[in-house]
Amino acid sequence: MRKKQYKTVKFFTRRHMYDIPNLVFADKNGTVYDHPLLKSVFRTANYDIVPYELEMIPLPSDSILKMIPDALPFSYDQMQAKIVEFSSGFPVYTELSPGYLRILYPSYKSNNLENDNFTSSHLAPVGWMNEQFVVPAILIENKQKIKQDLFKKLKNIIQEDDKLSFLNKKTKLDFLSNCEIIIKNSNELKQLNKLIPLLTQSNQDIVITIKFDPDRKTYEVIKNLRNEKITINLNINAFSIERLNSIFDELIDSLSFDVESFNPDFLKKRSVNFDNLTRCFEFAEKQGVFISINLLTLPGFTDSTAEIEKTIEFLNTFKIEYLKLRDLKTVPRKFFNENKIESTEILGLKNMLKYIKKRCKRVKMGYFSRAKQNFHLPTAFKVK
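Residues numbered from 1 in each chain as written. Predicted model: local features only at pLDDT ≥ 70, side-chain atom pairs only at ≥ 80, totals over all residues. Heavy atoms only, no water.

1. Looking at helix H11 (residues 349-359)
Think of an α-helix as turning once every 3.6 residues; residues three or four places apart then point the same way.
Consideration 1: Listing the buried residues of H11 in full gives Leu349, Met352, Leu353 and Ile356. Within H11, the buried residues cover an arc of 95 degrees as seen down the axis, which keeps them to one side.
Consideration 2: In this fold, the buried residues of H11 make contact with strand E12 (100-102), strand E17 (132-139), strand E22 (290-297), helix H9 (305-317), strand E23 (322-327) and strand E24 (364-366). (Buried < 20%, exposed > 50% of the residue type's maximum accessible area, 1.4 Å probe, protein only. Helix = DSSP H or I, 4+ residues; strand = E, 2+ residues; numbered from the N terminus. Arc of directions from axis to C-beta. Contact = heavy atoms within 4.5 Å.)

2. Topic: the pattern of salt bridges
Consideration 1: For the structure shown, the criterion picks out ten salt bridges.
Consideration 2: Measuring nitrogen to oxygen at the nearest pair gives 3.6 Å for the salt bridge that ties Lys143 to Asp62. Remark: Asp62 occurs in the loop between strand E7 (56-58) and strand E8 (65-67) and Lys143 occurs in the loop between E17 and helix H1 (148-160); sequence separation between them is 81 residues.
Consideration 3: Judged by relative accessible area, Asp62 falls into the partly exposed class, the value being 41%.
Consideration 4: Measuring nitrogen to oxygen at the nearest pair gives 3.4 Å for the salt bridge that ties Glu85 to Lys109. Residue Glu85 is located in strand E10 (residues 82-85), and its partner Lys109 is located in strand E14 (residues 108-110); the two are separated by 24 residues in the primary sequence.
Consideration 5: In this structure Lys109 comes out as partly exposed when scored by relative accessible area, which is 37%.
Consideration 6: It is possible to trace a salt-bridge network through shared partners that takes in Arg226, Asp253 and Lys372. (Salt bridge = Lys/Arg side-chain N within 4 Å of Asp/Glu carboxyl O.)

3. Topic: the sheet that holds strand E6 (residues 47-49)
Consideration 1: Strand order in the open sheet formed by three strands is E6-E5-E13, and the pairing between neighbours is antiparallel. The sheet is open, and its two borders are formed by E6 and strand E13 (105-106), each paired with just one other strand. (Pairing = 2+ DSSP bridges.)

4. Quick look at the environment of Thr218
Consideration 1: Within the secondary structure, Thr218 is located in helix H5 (residues 216-225).
Consideration 2: Taking the C-alpha atoms as reference points, Thr218 and Asn185, separated by 33 residues in sequence, lie 10.0 Å from one another.
Consideration 3: In this structure Thr218 touches Ser186, Leu189 and Phe212, once residues within four positions along its chain are discounted.

5. Topic: the sheet that holds strand E20 (residues 230-235)
Consideration 1: Sheet architecture is open: seven strands sit in the order E18-E19-E20-E21-E22-E23-E24, paired in parallel fashion. Single-partner strands in this sheet number two, and they are strand E18 (180-183) and E24. Strand after strand, the sheet turns through a mean of 25 degrees between neighbouring axes, direction not considered.
Consideration 2: Packed onto the sheet, H11 meets E22, E23 and E24 and runs at close to 150 degrees relative to E24. (Axes fitted to C-alpha atoms, helices over the stretch in contact; angles between N-to-C directions.)

6. A closer look at unusual backbone geometry
Consideration 1: Positive phi, close to 50 degrees, is recorded for Ala45, a residue that is not glycine.
Consideration 2: In this structure, Ala45 sits in the loop between strand E5 (42-44) and E6.
Consideration 3: On the basis of relative accessibility, which here comes to 6%, the residue Ala45 falls in the buried class.
Consideration 4: With a phi close to 60 degrees, Glu131 is a non-glycine residue in the positive phi region.
Consideration 5: Looking at where Glu131 falls in the secondary structure, it is placed in the loop between strand E16 (127-129) and E17.

In short, shape yes, function no, at least from these values alone.
In structure tokens, the structure reads:
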């Protein structure tokens, strides 16, 4: 559909007049269209909302549009001044590339229960505005670039060795674009031995994140990786103080925790012991190690006033220096329903980040894990 045949329609608020992105939908063949009159409707918490241009950014160039079959997108009919189902096409979404944080998620009516099983961490809705596709998101941090010669050498080694095939999986290896190798078990760490000579001689800042509880047998591998250009980051949640004590033998550069919430009552529903989590942070502080939090965000939950206050209280209680922002891997509708999240005031993720920056002066924010040379760099982005 050709937008230039129609006048731009404005939506009035008490402060300004903003454009609203047009509805984007797909036909049964997957061809994507923008509607000339109907506007986009997205979702936060359990609310369908009409988004504004200030919440939009251009669709990242490496993003791919996909459709949700057997579902109807919701749209905003300005003539009727109400939200309606759109029955002539399917909802369109994209998976945001690393570095982006979504601030709203898709709104649609599903005719197939399988549609409610989307668990992509970057599932974001798509609209059309100013002759381009747009998404409700924030660019938190640009991808870190790996040196081209190192990239080629690593790629050749991985392709030639079947035992390193796990490194080809995007979910386990991010270093080809983000200079970070994520290791999820001891076998993967042992296989990494084959890359040690190349990694330690590359003069490239690389983060190796260990996402399992290492034992004494894996310590030698970690020791071999020790290098001024290699950062060892331990990403383990709420394990015993005794195990923490046993691995801090000049082996760990940073300690990170994945956190959905700092509300003890909510964490109890998720089978997370808040007191144990607190003790781990207390121990890490005594060790003097760099502490970061991987805050897993969900629009309508993380940016609610109650959650924001709990987050700020925790950040100011401990010497947390870095807040890494990621999307929570969950099905939003199920998350709010199963956890019986009570309605509360929502500030929006942009306003939340501004508020945290104001209240927590020491804390830096970004998207990617930091190499030790970059621990104390300022926040990677500016919120407009």
